[in-house]
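Residue-level listing of the chains:
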Amino acid sequence: MKRVKFLVSALLAVFCASTAMCQTGASAYFLEGSFDRYRLNPAFSPERAFLAIPVLGGNGLNARMNVGLADFLFESESHPGKLTTFMSSDISADRFLDGLPDRSALGFEYGTDVLSFGFGKEKWYAWFDSRLVVRTGMSIPKEMFSFMKAGLSRGEYEINDINVNASSYLETALGFQYEPVRHLRIGAAFKPLLGLAYADACIDRLYASTAGASWKVMADATVRNGVPMTEVVLEEGKISDVRAADGKFKLNPLNGFAVDLGAEYDFEGIVPGLRASASISDLGSIRWTDLQIFGTDVSKCAEFRGFLPDGSIEDFGDDLKDMMFLYEKGATKMTQKLDATLRAGIEYSLPFLDCLSVGELYTRYGGHTDISESRTSLNLSLFKFLELSGNVAFSNLGHSFGGIINLHPAGLDFFFAADMSKMEVNPQMIPLSGFSLDLRTGIRLALSSLRY
């Protein structure tokens, strides 16, 4: 298998395999019986006191990407019916690059409940959350793929802002919801964070020019390692190994902080059945200390012979190492800004059938994915213990569909939700095009009578 095909497949497979979940699925936003929608908007609160079963209380995954395998594999013009990579001379640069976005972005997040509980009365509610969160992201500009496709043709390339990162942290939340005046609910969650691990590779600027049979490459790049008990080893300016190392990267308790803010207003006295809400979540950052930092000498040029379509996997690894020389800067500190998410929703309960409502939710996701989404929901509440919701969403990734079933009889809450765009996969389950996916499920114990 050609090495570029291997690279693309491996990147997509690794990121899909590490897919992880964030917060609470959007399908739960308008369900009053949901026991964890306060994570979407802290002005919302459960109808009963609850206790989340550790691990089983909430699990799921969230993945968003605007490219897929079909953006890098094509049918050969000279050999109809045979697939080839974008690096093949049989595929023109225009044919490949015209189908790519300006920036290829992938974002994934995973979260699982460690311990969660809440309690309250009619006008107030308080809760405690403890969750493990894992996040990964990648952002690559189109110019990088143009450079890979260029071979050794004469020219110059300047490529800016290539980023790959991964982090893990323990999030603890203390939240409170209150009704200061009739029809208005406000809420806030204060979230101390414990950073567990961090790693990234950032190329701020890469300049390449042809020089005979090779490229001269000058890179302004930074590599950071903050994985506990590990050490990156350099040999002659190249990364040669990652090995265990006692005492490397000590954990610092409460090295980060974030806040969620939200509000909801019921227009009962003006338009019965109409409610509006808005929230912003994950507004904060984590301070990482004792990171192992590597930089590049921008005055030095590396000789690079180009990406060849017939090279081996081992050759590809050597090619990457040949593009820059690294030196260790020593341990240092950095601040990682969290990916804040903005939500605004409006819901209307039908006057002739109050168990049925329609809702519109706008979401703006932060971070590398840079996605805006509008989601229309139809929500049904039956028998005081069963809620169903179905929705359709439109974003800059295309359209998607979602739904949730929420059972919340006295003593128990069980939910399963799925929000996803149309996703085509190959037999190895690697996505062929951009997609969004959000799956979650959980079980919580209801510990009191209804608050209202």
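Residues numbered from 1 in each chain as written. Predicted model: local features only at pLDDT ≥ 70, side-chain atom pairs only at ≥ 80, totals over all residues. Heavy atoms only, no water.

**Quick look at the overall build of the protein chain**
As a reminder, the rule being used: Counting from the N terminus, the helices are DSSP H or I runs at least four residues long and the strands are E runs at least two residues long. Here's how the labels work: a residue is buried when its accessible area is under 20% of the maximum for its type, exposed when over 50%, partly exposed in between, all with a 1.4 Å probe on protein chains only. To measure how exposed things are, a 1.4 Å probe is used in the Shrake-Rupley method; for residues, cover is taken only from the protein chains shown.
Within the protein chain, the secondary structure is distributed over four helices and 22 strands. The proportion of buried residues among the 452 residues of the protein chain is 50%. Total accessible area on the protein chain stands at roughly 20300 Å², and carbon and sulfur atoms take up 62% of it.

**Examining the nonpolar core**
Put simply, the test is: In these notes, a set of buried Ala, Val, Leu, Ile, Met, Phe, Trp, Tyr and Cys residues joined through side-chain atoms within 4.5 Å is what counts as a nonpolar core. Pairs of residues are marked as contacts when any of their non-hydrogen atoms sit within 4.5 Å.
Counting 39 residues, the largest nonpolar core has Phe86, Phe96, Met144, Phe145, Phe147, Leu206 and Phe307 as the members making the most contacts within it. Residue contributions to this core peak at five residues, all from strand β9 (residues 214-225). The contact partners of Leu206, leaving out residues within four places of it in the chain, are Phe147, Tyr157, Glu158, Ile159, Val217, Met218, Ala219 and Met323. If you look at the next biggest cluster of nonpolar residues, it comprises 11 residues, including Ala258, Ile286, Leu291 and Leu338.

**Section: the pattern of salt bridges**
So the rule is basically this: We define a salt bridge as a side-chain nitrogen of Lys or Arg found within 4 Å of a carboxyl oxygen belonging to Asp or Glu.
Evaluated as defined, the whole model comprises 18 salt bridges. Asp200 serves as the salt-bridge partner of Arg224, at 2.9 Å between the closest nitrogen and oxygen. With Arg224 in strand β9 and Asp200 in strand β8 (residues 184-211), the pair connects residues that are 24 residues apart, well separated along the chain. A network of salt bridges, in which partner residues are shared, links Glu109, Arg131, Arg135, Glu171, Lys191, Asp260 and Asp282.

**Quick look at the environment of Glu268**
Of note, Glu268 is situated in the loop between β12 (256-266) and β13 (274-296). The spacing of Glu268 and Arg182 is 86 residues in sequence and 9.9 Å in space, taken between C-alpha atoms. Residues contacting Glu268, with those up to four places away along its chain left out, are Arg182, His183 and Leu274.

**Description of the pairing of strand β10 (residues 230-235)**
Remember that side chains alternate between the two faces of the sheet whenever the strand is regular. Threshold: Whether two strands pair depends on DSSP finding at least two bridges between them.
Pairing between β10 and strand β11 (residues 238-244): six bridges, direction antiparallel. Looking at β11, one finds that Val232 is bridged to Val242. Hairpin connection, β10 to β11: the antiparallel pair is bridged by two residues, and Glu236 has positive phi, about 55 degrees.

**As for the confidence of the model for the protein chain**
Note the cut-off: As a per-residue measure, pLDDT tells how confident the predictor is, with possible values from 0 to 100.
For the protein chain, per-residue confidence averages 81 on the pLDDT scale, and 84% of positions sit at 70 or higher. Element-level mean pLDDT values for the protein chain span from 36 in helix α1 (residues 3-17) up to 96 in β12. Scored below 50 in pLDDT, residues 1-23 makes 77 contacts in the model with residues more than four places away or belonging to other chains.

**Some words on unusual backbone geometry**
In the Ramachandran plot, Asp161 falls in the positive-phi region, its phi being about 60 degrees despite a non-glycine side chain. Its location among the elements puts Asp161 in strand β7 (residues 156-181). According to the relative accessible area criterion, Asp161 is partly exposed, its value standing at 42%. Although it is not a glycine, Asp282 adopts a positive phi angle of roughly 60 degrees. Assignment of secondary structure puts Asp282 in strand β13. A relative accessible area of 3% places Asp282 in the buried class.

**A look at the packing of aromatic side chains**
Our working definition: Here the aromatic set is Phe, Tyr and Trp, taking the six-membered ring for Trp, and pairing holds for ring centres within 6.5 Å; pairs whose planes are under 30 degrees apart are stacked, those over 60 apart are edge-to-face, and all others are tilted. Put simply, a charge is over a ring when the Lys NZ or the Arg CZ is close to the ring centre, within 6 Å, and near the line of the ring normal, within 35 degrees.
Counted according to the given criterion, the structure contains 17 aromatic pairs. With a centroid separation of 5.0 Å and 75 degrees between ring planes, the pair formed by Tyr29 and Phe44 is classed as edge-to-face. Pair noted here: Tyr29 is in the loop between α1 and β1 (50-52) and Phe44 is in the loop between α1 and β1, with a separation of 15 residues, a long-range link. With a centroid separation of 5.4 Å and an interplanar angle of 25 degrees, the aromatic rings of Phe117 and Phe128 are classed as stacked. Separated by 11 residues along the polypeptide, Phe117 in strand β5 (residues 103-120) and Phe128 in strand β6 (residues 124-141) bring together distant segments of the chain. Its relative accessible area of 33% is what places Phe117 among the partly exposed residues. It is Arg37 that lies over the ring of Phe44; its NZ or CZ is 3.9 Å from the centre. The ring of Tyr365 carries Arg64 above its face, with NZ or CZ at 4.0 Å from the centroid.

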